[in-house]
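# Structural overview for review
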Amino acid sequence: MHDYDMIVIGSGPSGRRAAIQSAKIGKSVLVVEKGRRVGGVSVHTGTIPSKTLRETVLNLSGWRERGFYGRSYRVKQDIGAGDLLARLRMTLDHEVEVLEHQFNRNGVRTARGEARFAGPHEIEVTAESGDKHVYTAGHVLIACGTRPYRPRSHPVQPHHRVRQ
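Quick look at the structure, then. Please read all numbers here as calculations on a predicted model, not as lab measurements.

### Some points on the overall build of the chain
Counting its regular elements, the chain contains five helices and six strands. Listing every helix and strand of the chain by position from the N terminus yields β-α-β-α-α-α-α-β-β-β-β. The buried share of the chain, taken over its 164 residues, is 31%.

### Things to note about the pairing of strand β1 (residues 4-9)
Summarising burial for β1: five of the six residues are buried, a large majority. As judged from the four bridges shared by β1 and strand β2 (residues 29-33), these two strands associate in the parallel manner. Considered in β2, the bridge of I7 is made with L30. What joins β1 to β2 is helix α1 (residues 13-24), and the crossover it makes is right-handed.

### Brief notes about the pattern of salt bridges
Tallying each qualifying case throughout the model produces four salt bridges. A salt bridge links R37 to D93; its shortest N-O distance comes to 2.7 Å. Placement of the pair is R37 in the loop between β2 and α2 (40-44) and D93 in helix α5 (residues 81-105), with a sequence separation of 56 residues. Classification of R37 as partly exposed rests on a relative accessible area of 23%. The shortest N-O distance in the salt bridge between E124 and R116 comes to 2.9 Å. Taking the relative accessible area as the measure of exposure, R116 reaches 46% and is therefore partly exposed. Residues joined in a network through salt bridges with shared partners are R116, E124 and K132.

### Notes on the nonpolar core
Within the largest apolar cluster, 12 residues are counted, these being M6, V8, A19, I20, A23, V29, V31, V38, V96, L99, F103 and V108. Secondary structure elements with two or more residues in this core: β1, α1, β2 and α5. Membership of the second largest hydrophobic core comes to 10 residues, among which are Y4, L30, V32 and Y135.

### Some details on the environment of G80
With respect to the secondary-structure elements, G80 resides in the loop between α4 (66-69) and α5. The partly exposed category is assigned to G80, whose relative accessible area is 29%.

### Some remarks on α1
Think of an α-helix as turning once every 3.6 residues; residues three or four places apart then point the same way. In a regular helix each residue adds 1.5 Å, so 12 residues correspond to 16 Å; α1 covers 17 Å between its end C-alpha atoms and thus fits that length. Of all the positions in α1, only G15, R16, A19, I20, S22 and A23 are classed as buried. Buried positions in α1, seen along its axis, are confined to an arc of 160° and lie on one side of it. Projecting away from the buried face of α1 at angles above 90 degrees are the exposed residues S14, R17 and K24. G26 sits one or two positions beyond α1 and adopts a positive phi of about 90°.

### A short note on the side chain of S11
Relative to the helices and strands, S11 resides in the loop between β1 and α1. On the accessibility criterion, S11 (0% relative accessible area) is buried. At 2.6 Å, the side chain of S11 and the side chain of E33 are in polar contact. Leaving out residues up to four positions away in the same chain, S11 has contacts with R16, V31, E33, V38, G39, G40 and L99.

Here is what the cut-offs are and how they apply
Residues numbered from 1 in each chain as written. Predicted model: local features only at pLDDT ≥ 70, side-chain atom pairs only at ≥ 80, totals over all residues. Heavy atoms only, no water. Helix = DSSP H or I, 4+ residues; strand = E, 2+ residues; numbered from the N terminus. Buried < 20%, exposed > 50% of the residue type's maximum accessible area, 1.4 Å probe, protein only. Pairing = 2+ DSSP bridges. Right-handed = clockwise from strand over helix to strand, strands pointing away. Salt bridge = Lys/Arg side-chain N within 4 Å of Asp/Glu carboxyl O. Core = buried A, V, L, I, M, F, W, Y, C linked by side-chain atoms within 4.5 Å. Expected span 1.5 Å × (residues − 1). Arc of directions from axis to C-beta. Polar contact = N/O pair within 3.5 Å; in protein donor to acceptor, adjacent residues only side chain to side chain. Contact = heavy atoms within 4.5 Å.

Interpretation note: all reported values are geometric properties and have no functional meaning in isolation.
Here it is as structure tokens:
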């Protein structure tokens, strides 16, 4: 007997979909996420943050409405980093809440920490505090995300992450 039918390592797009679909067909599921909050790269550092920042600038600058209101139209005169970060935090909080609600509604459990195989059906999760817990499952899905390709011919300047 196992603790769960399936353990999913990672809560990004693939992990979340696999977890929810498994739960919908009656399987017990645990999602292990090493980040502070569920969502993976797409929610915290990738698609959603980049699109949110773009849309915030377009909105606050009045860019889309200029054809109707005139070229000098702006929603906000001075747009600063604080404006962008406030909107970004609101959007990311909302996305995490939606995901947590989906997990709760479907009975998907979560554990925060770094996962590693301790055996064929055993996953050891190490929390930030150093505490370790071993969970067992009949199936394990590894959906631990990606890193962007960065060609050496085009160096990328370091960026600052939004604290969560």
